[in-house]
Amino acid sequence: MTTAPFRRVLVSGASIAGPTLAYWLHRRGFEVTVVEKAGAVRGGGYPIDIRGAALGVVDRMGLLPAVRAAHVDSRRITFLDADGSAVGAVSPESVSGGTGGDVELPRGALTEVLHAAVQDDVDFRFGDTIATLHDDGDGVDVTFVSGERRRFDLVVGADGLHSHTRALAFGPEEQFHRYLGYCFAGWTMPNEFGLDHEGVIWSVPGRAAVIYAVGGTDQVHGFLSFTRDDPPLDAFRDPRAQRELVAARFAGDDVWEVPRLVAAMQEADDVFFDVVSQIHMPRWSTGRVGLVGDAAHAPSFLSGQGSSLALVGGYVLAGELAAAPTYREGFARYERRLRDFVAQNQALADGGRSVIVPRTESDVARRDAALREPDRTRIPTGDAVDRAATALELPVYPGAVDGAA
Ligand SMILES: Cc1cc2nc3c(=O)[nH]c(=O)nc-3n(C[C@H](O)[C@H](O)[C@H](O)COP(=O)(O)OP(=O)(O)OC[C@H]3O[C@@H](n4cnc5c(N)ncnc54)[C@H](O)[C@@H]3O)c2cc1C
């Protein structure tokens, strides 16, 4: 239990990093408030993976059975060439690693499990956002968009790639944003494709169209990703401009299900459009404000490791803050523990892009040659993901009360 003079912590964001941090801070005697801009816990969503060190975090929370129950058990990913013919089909583990009982589940299902584990112990404020932060050295005065004012000892941003907390405490996102040269749109649509526990990826240099049947449900996730030299900043606040941008990039791709995907994207009411980017920062804290998960070091979906980094980050930050004599030391130790692990996992995005959205004809040819190998059970990214995901030995903190059975 902490006796630290920095017990009152505000966490911004209730997706993966936020509830994990809140859970472990509470277990170690901190008084935690979580503010989330969405009106409620957001269920559903695209599938994410928990693997390597992150499985240890979930296990120590006693949540492994609950996340395993939501495992979607994808069986196959089929890659198509330019004219829509199958090049090869592999197991998902071949692409994304998976020797150690990885779990794949909808992002929102993980959020629901994490939230349920901590909701009775932590003050959740849904439908609100930090408006201003003022760190005077002895504490942080916070005003919320709802109008309320509170004072906290520490504030931690767990509010994702475009973190608002980061912008308030560290300045504009551009300083830390590393655009990887891709944009994407994702949405859900009826499963009119007869797909079951599987994904299909069509790609030509610079463009990929994906249908992913998460489990045997009636819905599939559609996904269109493409290269673009500059991030389309103009389209950011305009959903119509986003759809038009995506549709224009796939115009003329009258092959396979691409036209149907483009049409569905234009009709869908849950389109999620973003750039594919990473966050690289020289420091993950300034004064009494820290960052965790994507807010600190988003690796992009091309790494397949964002959720696992968010889980590990929440666990390690809570452990280090509880064990350290000062919050500055706690933030510094958290960073020392994780820097190398994060760098190795961010580097996976290079492999991911050459498999999912190859940029050039030679990238496509290299990937397809691996898929055509008789022993194609493992194309190169899978091994690299396994190495990076297990590159951290999860610390056990003195005095920690662990939830593992
Ligand atoms: C299409 C796609 C596919 C992906 N696939 C994978 C995968 O296969 N494997 C994997 O590991 N990862 C994957 N990821 C990445 C993964 O989703 C993220 O890395 C992970 O969710 C990061 O968790 P987080 O808690 O740090 O941030 P986020 O999940 O981004 O959550 C941020 C939270 O903060 C809230 N918020 C935002 N702004 C504010 C504000 N101003 N005030 C209060 N709250 C705010 C948001 O509503 C949200 O709840 C994928 C991502 C995308 C987009």
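Note: the structure precedes this text.
Below or above, wherever it landed, is the structure these notes cover. (Residues numbered from 1 in each chain as written. Predicted model: local features only at pLDDT ≥ 70, side-chain atom pairs only at ≥ 80, totals over all residues. Heavy atoms only, no water.)

**Remarks on helix H2 (residues 53-60)**
For an α-helix, the turn length of 3.6 residues means that residues three or four places apart are oriented alike.
At step 1: H2 sits mainly inside the fold: six of its eight residues count as buried.
At step 2: Turning to H2, its buried residues are Ala 53, Ala 54, Leu 55, Val 57, Val 58 and Arg 60.
At step 3: A positive phi of about 75° marks Gly 62, the residue just after H2. (Buried < 20%, exposed > 50% of the residue type's maximum accessible area, 1.4 Å probe, protein only. Helix = DSSP H or I, 4+ residues; strand = E, 2+ residues; numbered from the N terminus.)

**Some details on the site of the ligand**
At step 1: Neighbouring residues of the ligand: 31 residues in total, closest Ser 15, Ala 17, Glu 36, Tyr 46 and Asp 294.
At step 2: Contact distances for the ligand include 3.0 Å between an oxygen atom and a backbone N or O atom of Gly 304.
At step 3: Looking at the shell around the ligand, the elements with two or more residues in it are strand E2 (31-36), strand E3 (47-50) and helix H10 (306-323).
At step 4: Class assignment of the residues belonging to the shell around the ligand gives a composition of 12 nonpolar, 11 polar and eight charged. (Near = heavy atom within 4 Å. Polar contact = N/O pair within 3.5 Å; in protein donor to acceptor, adjacent residues only side chain to side chain. Nonpolar A, V, L, I, M, F, W, Y, C, P; charged D, E, K, R; others polar.)

**Some remarks on the sheet that holds strand E18 (residues 289-291)**
At step 1: Taken in spatial order, the six strands line up as E7-E2-E1-E11-E18-E17 in an open sheet, and their pairing is mixed. With one partner strand each, in any of the chains shown, strand E7 (123-126) and strand E17 (285-286) form the two edges of the open sheet.
At step 2: When strand E1 (residues 8-12) meets E2, the two strands line up parallel, connected through five bridges. Counterpart to Ser 12 in the pairing with E2 is Val 35. (Pairing = 2+ DSSP bridges.)

**Comments concerning the pattern of salt bridges**
Pairs can form between side chains of opposite charge once their charged atoms are near each other.
At step 1: Taken as a whole and judged by the stated rule, the model has 22 salt bridges.
At step 2: Between Asp 73 and Arg 75 there is a salt bridge; the shortest N-O distance is 3.9 Å.
At step 3: Among the residues examined, Asp 73 registers a relative accessible area of 36% and is labelled partly exposed.
At step 4: Between Arg 125 and Glu 148 there is a salt bridge, with the nearest N and O atoms lying 2.8 Å from each other. One end of the pair, Arg 125, is in strand E7; the other, Glu 148, is in the loop between strand E9 (140-144) and strand E10 (149-152), with 23 residues separating them in the sequence.
At step 5: Here the residues in one salt-bridge network are Asp 49, Arg 51 and Asp 102, joined through shared partners. (Salt bridge = Lys/Arg side-chain N within 4 Å of Asp/Glu carboxyl O.)

**What about the sheet that holds E10?**
At step 1: With antiparallel pairing, the three strands of this open sheet are ordered in space as E8-E9-E10. At either margin of the open sheet sits one strand with a lone partner, and together these are strand E8 (130-135) and E10. Between one strand axis and the next, the sheet turns by 20° as a mean value, whatever way the strands run.
At step 2: Across four bridges, E9 lies against E10 in antiparallel orientation. By the bridge assignment, Val 142 is partnered in E10 with Arg 150. (Axes fitted to C-alpha atoms, helices over the stretch in contact; angles between N-to-C directions.)

**Quick notes on the nonpolar core**
At step 1: Core analysis: the biggest nonpolar cluster contains 67 residues, and Ile 50, Val 67, Leu 110, Leu 311, Val 312, Leu 321 and Leu 338 have the highest contact counts within it.
At step 2: Considering every element that reaches this core, the biggest residue donor is H10, with nine residues.
At step 3: Discounting residues that sit within four places of it in the chain, Leu 338 has contacts with Trp 284, Val 312, Gly 313, Val 316 and Leu 392.
At step 4: Formed by 31 residues, the second largest nonpolar core is a distinct cluster that contains Ala 185, Val 200, Ala 213 and Leu 245. (Core = buried A, V, L, I, M, F, W, Y, C linked by side-chain atoms within 4.5 Å. Contact = heavy atoms within 4.5 Å.)

**Points about the pairing of E8**
At step 1: Sheet topology places E8 next to E9; five bridges connect them, and they run antiparallel. What sits directly across from Thr 132, in E9, is Thr 143.
At step 2: Remark: four residues form the turn of the hairpin made by E8 and E9, two consecutive strands paired antiparallel; Gly 137 in that turn has positive phi of roughly 95°.

**Topic: the side chain of Asp 128**
At step 1: When you line up the elements, Asp 128 lands in the loop between E7 and E8.
At step 2: Polar contacts involving the side chain of Asp 128 include one to the side chain of Arg 125, which spans 3.0 Å.
At step 3: Here the side chain of Asp 128 touches Ser 146 through a polar contact of 2.5 Å, side chain to side chain.

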